[in-house]
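The lines below spell out each chain.
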Amino acid sequence: MVYDKIKSVPSNNPSHLTGKVAVVTGSSSGIGRAIALQLAANQANVVIHARESEAAGEAVVKQAHELGVESRLLLADISQPQSVLELVDTCWQWKDGVDIWINNAGADVLTGAASDFSFAEKLQRLWEVDVMGTIRVARLVGKRMKARGSGVILNVGWDQAEFGMAGDSGEMFAATKGAIMSFTRSLARSLAPQVRVNCLAPGWIRTAWGDQASTYWNERAQKESLLQRWGTPQDVANTACFLASPAAAFMTGQIIAVNGGLVGSGNESDCDD
């Protein structure tokens, strides 16, 4: 797996983050895991977060330690306001503040038991976690960072939210991820100039859903990228670390697509399979 190939970044690299404290929500697997480990490779101390996947989270903590940084796991349900408060408080007390906060946690409604939910049930879950959870966390974190005078927040959107995609999945993800993309632009204005706020907008990234995708989806993912391939969690992680680093010091309020160049118009049905 790509995670096993990660090595520490030289200290003269402009994206080096030695001594910084980073939190990545939803980082026990997939994109969040790749981001957390790349931050660790850049020598940031990282808080790994999961809702309940303790064993997977501890495995990421171990890998971060092997990269030479400090790390810990925190479990919290970000759809619950009290859990959000406790998570932010605990993270701030770990090393007297947080420099980088990445809101990656999102509800999985495409695999597992949730894949059988109705459209309304899926939309409700996405709204509670991806939208309300992210907004609550980002506002709390942003307030503390602004008071301290510095910080970086990254949210996660979706590259096709701006253009739309036909079908149930397209509609629900455009609504929820589009909300986060718009929120990011406004939060950046609220927190400037002390805090930078940007949004990653991944395209076709081969995560758990991609691993079990049908021939139709595999062909479509490659066809809709100028680079003619699926993206990987590591592709997103590399971009996240750049945006979190001093190398991106003049970037805020931006939506950064990580998609290999979007070709598709979104007019094809999502087939919902």
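Each remark here, short or long, concerns the structure printed above.
In this report, we go over the structure that sits alongside the text.

What counts, and at which threshold
- Residues numbered from 1 in each chain as written.
- Predicted model: local features only at pLDDT ≥ 70, side-chain atom pairs only at ≥ 80, totals over all residues.
- Heavy atoms only, no water.
- Helix = DSSP H or I, 4+ residues; strand = E, 2+ residues; numbered from the N terminus.
- Rg over C-alpha atoms; globule rule 2.2 N^0.38 Å.
- Buried < 20%, exposed > 50% of the residue type's maximum accessible area, 1.4 Å probe, protein only.
- Contact = heavy atoms within 4.5 Å.
- Areas by Shrake-Rupley, 256 points an atom, 1.4 Å probe, with all protein chains shown as cover.
- Lys, Arg positive; Asp, Glu negative; His and termini not counted.
- Charge placed at Lys NZ, Arg CZ, Asp CG, Glu CD.
- Axes fitted to C-alpha atoms, helices over the stretch in contact; angles between N-to-C directions.
- Parallel < 35°, antiparallel > 145°, perpendicular 65-115°, else oblique.
- Left-handed = near helix turned anticlockwise from the far one by under 90°.
- Nonpolar A, V, L, I, M, F, W, Y, C, P; charged D, E, K, R; others polar.

Attention shifts here to the overall build of the chain. What the chain contains, in helices and strands, is eight helices and seven strands. Whereas a compact globule of 273 residues would reach a radius of gyration of roughly 19 Å, the chain reaches 18 Å, a difference of no more than 12%. The principal-axis extent of the C-alpha atoms belonging to the chain is close to 50 × 40 × 35 Å. Expressed as a percentage of its 273 residues, the buried residues of the chain come to 52%. Taking contacts inside the chain between residues at least 6 apart in sequence as the whole, the part at least 24 apart equals 75%. Accessible surface for the chain amounts to roughly 12,300 Å². Of this, 51% is attributable to carbon and sulfur atoms. Positive and negative side-chain charges in the chain, numbering 24 and 28 respectively, have mean positions lying 9 Å apart.

This part is about the packing of helix 1 (residues 30-41) against helix 8 (residues 233-244). The angle between the axes and the distance between the axes are what describe a pair of packed helices. Helix 8 packs onto helix 1 with a crossing angle of 50 degrees between their chain directions and a minimal axis gap of 8 Å. In this view, helix 1 runs oblique relative to helix 8, as classed from their interaxial angle. For the pair helix 1 and helix 8, the sense of crossing is right-handed. Along the contact surface, helix 1 presents Gly 30, Ile 31, Ala 34, Ile 35, Gln 38 and Leu 39, while helix 8 presents Pro 233, Gln 234, Val 236, Ala 237, Asn 238, Ala 240, Cys 241 and Ala 244. In the contact of helix 1 with helix 8, the residues fall into ten nonpolar, four polar and no charged.

No statement about biological role is implied by the geometric values presented.
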